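# Examining the three-dimensional arrangement
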Amino acid sequence: MMFLKHKYSTEDLIEKCKAADRKACEMLYKQFASKMLAVCLRYATDKMEAEDMLQNGFIKVFSKISDYRGDGSFEGWMRRIMVHCSIEYYRKHHNMVKVDIEESGYEQSVNAAAASSLEAKDLLRIIQELPTGYRMVFNLYAVEGYSHREIAEMAGITEGASKSQLSRARTMLKQRIESLDEKKNYEYAG
Amino acid sequence: MNMQDNEFDDLFRSKLGGLEVQPSAHVWDNIAAGLGTAKKKSILPMLSVAATTLILLAAGTWFLLDKPVKQVQNQVAQVKVTAPKNEVTQPENITVEQPASKVEPLASKTNVKLIVNQVARLKTQPALKQQSLQPVNELATPVSTEALTPQILAAVPTQSVTHPVVPEMQLASSTINNDAPVLKPINTPATVAVTASQTDKKKKHGIHSLGDLINVVVSKVDKREDKLIEFTESDDDESSVTGINLGIIKIKKEQ
């Protein structure tokens, strides 16, 4: 991975990719693939699905690379394409049914220490276990930083739906973290 | 300690933001394959452009190669008419190989052709050269050259008045238009040269439509009697294609 960066700068590779240099495309892919797969994984239920999104995303990146004018980071530009492709993927493959879970009557709280102790992979797994719509909204709002208005536009839902799905997603995630924490404590105690 | 929503979100952002997971090897193969098909699609329009250019080039080359043959034929036809005048002077001037004895039987048509072909190749005769540039019709060129000499003028108009119906090479449209101009030369010798050729007439009348413009341009390039493409203006000021000559394919609308 690293030696590629020394051989060509990202800017060089982008220019070569604009000229449809296949080798440069591969090098650029190798440079960013693992970061971008992590993005896709947050939107997917498993790695296979994430790799499908990654594949679509990179094909789009290379076909639109001439649109990249160099304003803003290339990684950020790529990341946005990956996010859009992931949403697109769900529009095609899943009917984004609003899964209604039983309303928890009280505001779920979570222990900060418990949450912080979780590994990235654990967090990823509990995100992947969320219903598709919740996962998407939570990712877009909490991780990507989009506003509810932007999310409504991107996902084709109302702003209200975005807000309610975000709060439900948080609740579900907190429940999962609590149960994981309890499990851990139980294991330590036992 | 309970977490605020934004703290909770931050936790996910910070922990997942820097995550990297190596994808399977086959992902790149699929992307490369996807790029390959995208490329093939983009080649197709380029191919059609290349094919069109090739066809146009081939057609152009064919015209260039085809033209000299036609010119020689036209010259043969022209000299056949004026033969009595040229025969006496030409052979002596041009070819030394030509024995004196051969000058005599020139009257026979086969010999005339032979000499004419030689003349065409040598292209030393200024009179013939001028004719070869304007193979419009038989009567057109003689009229224009003779207009310079007033003595012969008397004979010219009679030629042009009787001939217009005869030449098969003259276009149907032009014979109609020529009727009036042909009569004029009798009174004003100066206009004879102007009205004599089809192309000159068009310039004089101005270019009214795109069809006229194309006619003028085509007639500059294509010296054949049936032009590559020919437009005729109809009554309602609309130009329509009345003739196409692609060498093998000739279409002409009779009027």
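Residues numbered from 1 in each chain as written. Chains lettered and ligands numbered in written order. Predicted model: local features only at pLDDT ≥ 70, side-chain atom pairs only at ≥ 80, totals over all residues.

## Some words on the overall build of chain B
- The secondary structure content of chain B amounts to twelve helices and three strands.
- The buried share among the 255 residues of chain B stands at 18%.
- Taking the intrachain contacts of chain B between residues at least 6 apart in sequence as the baseline, contacts between residues at least 24 apart amount to 47%. (Helix = DSSP H or I, 4+ residues; strand = E, 2+ residues; numbered from the N terminus. Buried ≥ 20, exposed ≤ 12 C-beta atoms within 10 Å, placed from the backbone. Contact = placed C-beta atoms within 7 Å.)

## Quick word on the interface of chain A and chain B
- Across the boundary between the two partners, chain A contributes 29 residues, which contact 25 residues of chain B.
- Mapped onto the side of chain A that touches chain B, the elements with two or more residues apiece are helix H3 (22-43), helix H4 (47-63), helix H6 (112-116), helix H7 (120-128) and helix H8 (132-143) of chain A.
- For the side of chain A that touches chain B, the element with the most residues is H3 of chain A, which contributes ten residues.
- For the side of chain A that touches chain B, the per-class residue count stands at 18 nonpolar, six polar and five charged. (Nonpolar A, V, L, I, M, F, W, Y, C, P; charged D, E, K, R; others polar.)

## Brief notes about the environment of Met3 of chain B
- Position of Met3 of chain B among the secondary structure elements: in the segment before helix H1 (5-17).
- For Met3 of chain B, a count of 21 C-beta atoms within 10 Å gives the class buried.
- Ignoring sequence-local partners within four residues, the contact set of Met3 of chain B consists of Val110, Ala112 and Ala115 of chain A together with Phe8 of chain B.

## Comments concerning the confidence of the model for chain B
Residues and elements named next belong to chain B.
- When pLDDT is averaged across chain B, the result is 62; 38% of the residues are at 70 or more.
- Throughout residues 123-167 the model reports pLDDT below 50, and contacts reaching past four residues in sequence, or to other chains, amount to 59 contacts.
- The low-confidence segment residues 170-204, where pLDDT is below 50, has 49 contacts with residues more than four positions distant or belonging to other chains. (pLDDT = per-residue confidence, 0-100.)

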